[in-house]
Amino acid sequence: MGRPKVKLAWVEERKRRATVCQRRMKELIQMAEELTIVCDMSACLVFYNRNNGKLVAWPSLEEAQSLIDCYNALPETERNMNADDEESSFIKTITKEIEKKLELSRKAVEELKMDNLMLQIKNGSRMIADLSQTEIEKLKSYASKKIAYYDRELRKQHPNTSGNEPFLEDDDGEMKTYEGESSESDGADNA
């Protein structure tokens, strides 16, 4: 059972404020001492009261100074390697979120470029022969991903069909034609 949460506020009365300060300092020192024993690590606490200019150091001023000097002697990279204050943690979290959004945006832009390229090829404003090798590879990759995606979506909507059955055939084996399509055109086979 923990102690109930105390509302943090300035203590107006000077004597009560000094009592609260002493009690809290003792609690912090006790916690630090337990931490050094349980975790086998070095620790120090330094309290400075700017009202009376009093400095309190635990375990002693010399040991606290020695520990601070050891820390300051570390290279900057080691010093900050495990530092995880609230600000840096917040910044890391926000950075990861922004990187994810950026990656999604890059994928969306790439998809739009490929959609546009496919439309240009369909309209005849670009010819496949005019594409660079990179554009061809990107287009092939994009097309195969889209085909796989639509195949999965169709299987979800029609789970009882096998992968070999065409979805657009009538019961008599004829291909269905939709509005705007010509049944007379054989597509690329006539070319």
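Here the structure is a predicted model, which means the values were calculated and not measured.

Asker: Teacher, can you tell me more about the overall build of the protein chain here?
Answerer: A count of helices and strands for the protein chain gives five helices and two strands. Helices and strands appear in the protein chain in the N-to-C order α-β-β-α-α-α-α. Going through the 191 residues of the protein chain one by one, you find that 7% of them count as buried. Taking contacts inside the protein chain between residues at least 6 apart in sequence as the whole, the part at least 24 apart equals 20%.

Asker: Sorry if this is basic, but what is going on with the pattern of salt bridges here?
Answerer: Note that side chains of opposite charge can pair when their charged atoms are close. Summed over all chains, the structure comprises six salt bridges. As a salt-bridge pair, Arg126 and Glu135 come within 3.0 Å of each other at their nearest N and O atoms.

Asker: Just to check I follow, could you spell out the pairing of strand β1 (residues 45-49) for this structure?
Answerer: Successive residues of a regular strand alternate their side chains across the two faces of the sheet. Two strands pair when backbone bridges link them, and β1 and strand β2 (residues 54-58) are joined in this way by five bridges, in the antiparallel orientation. Bridging from a neighbouring strand, Val46 pairs with Ala57 of β2. Adjacent in sequence and paired antiparallel, β1 and β2 are bridged by four residues, among which Gly53 carries a positive phi angle near 70°.

Asker: Is there a simple way to think about a nonpolar patch on the surface in this case?
Answerer: Taken together, Val46, Tyr48, Leu55, Leu61 and Ile68 make up a surface patch of nonpolar side chains, about 470 Å² in accessible area. Elements with a contribution of two residues or more to the nonpolar patch: β1 and α2 (61-73). Looking at the secondary structure, you find Tyr48 in strand β1. Residue Tyr48 is classed as exposed on the basis of its relative accessible area of 55%.

Asker: I would appreciate a short explanation of the side chain of Ser60 in the present structure.
Answerer: Position of Ser60 among the secondary structure elements: in the loop between β2 and α2. A relative accessible area of 19% means that Ser60 is categorised as buried. Within the structure, the side chain of Ser60 is placed 3.2 Å from the backbone nitrogen of Glu63, a separation counted as a polar contact.

Asker: Even after reading the chapter, I still don't get unusual backbone geometry, so can you show me in this structure?
Answerer: What you tend to see is this: most non-glycine residues have negative phi, and most peptide bonds are trans. The omega torsion of the bond from Trp58 to Pro59 falls at 0°, within 30 degrees of zero and hence cis. Structurally, Pro59 is set in the loop between β2 and α2. Phi angles above zero are rare outside glycine, and Asp40 is one such case at about 50°. Structurally, the position occupied by Asp40 is in the loop between α1 (14-39) and β1. Judged by its relative accessible area of 71%, Asp40 is exposed.

Asker: Would you mind going over the side chain of Thr36 with me for this structure?
Answerer: Relative to the helices and strands, Thr36 resides in helix α1. If sequence neighbours within four positions are ignored, Thr36 has contacts with Met41, Ser42, Ala43 and Trp58.

Asker: Would you mind going over the confidence of the model for the protein chain with me for this structure?
Answerer: In low-pLDDT segments, the atomic positions of the prediction should not be examined closely. In the predicted model, the protein chain carries a mean pLDDT of 81, and 78% of its residues have values of at least 70. Ranking the helices and strands of the protein chain by mean pLDDT puts α1 first, with 92, and helix α3 (residues 76-81) last, with 72. Here residues 177-191 is a poorly scored stretch, pLDDT under 50, and it has three contacts once near neighbours within four places are set aside; other chains count.

The rules we used
Residues numbered from 1 in each chain as written. Predicted model: local features only at pLDDT ≥ 70, side-chain atom pairs only at ≥ 80, totals over all residues. Heavy atoms only, no water. Helix = DSSP H or I, 4+ residues; strand = E, 2+ residues; numbered from the N terminus. Buried < 20%, exposed > 50% of the residue type's maximum accessible area, 1.4 Å probe, protein only. Contact = heavy atoms within 4.5 Å. Salt bridge = Lys/Arg side-chain N within 4 Å of Asp/Glu carboxyl O. Pairing = 2+ DSSP bridges. Patch = residues over 30% accessible without salt bridge, like charges linked within 9 Å, V, L, I, M, F, W, Y side chains within 5 Å. Areas by Shrake-Rupley, 256 points an atom, 1.4 Å probe, with all protein chains shown as cover. Polar contact = N/O pair within 3.5 Å; in protein donor to acceptor, adjacent residues only side chain to side chain. pLDDT = per-residue confidence, 0-100.

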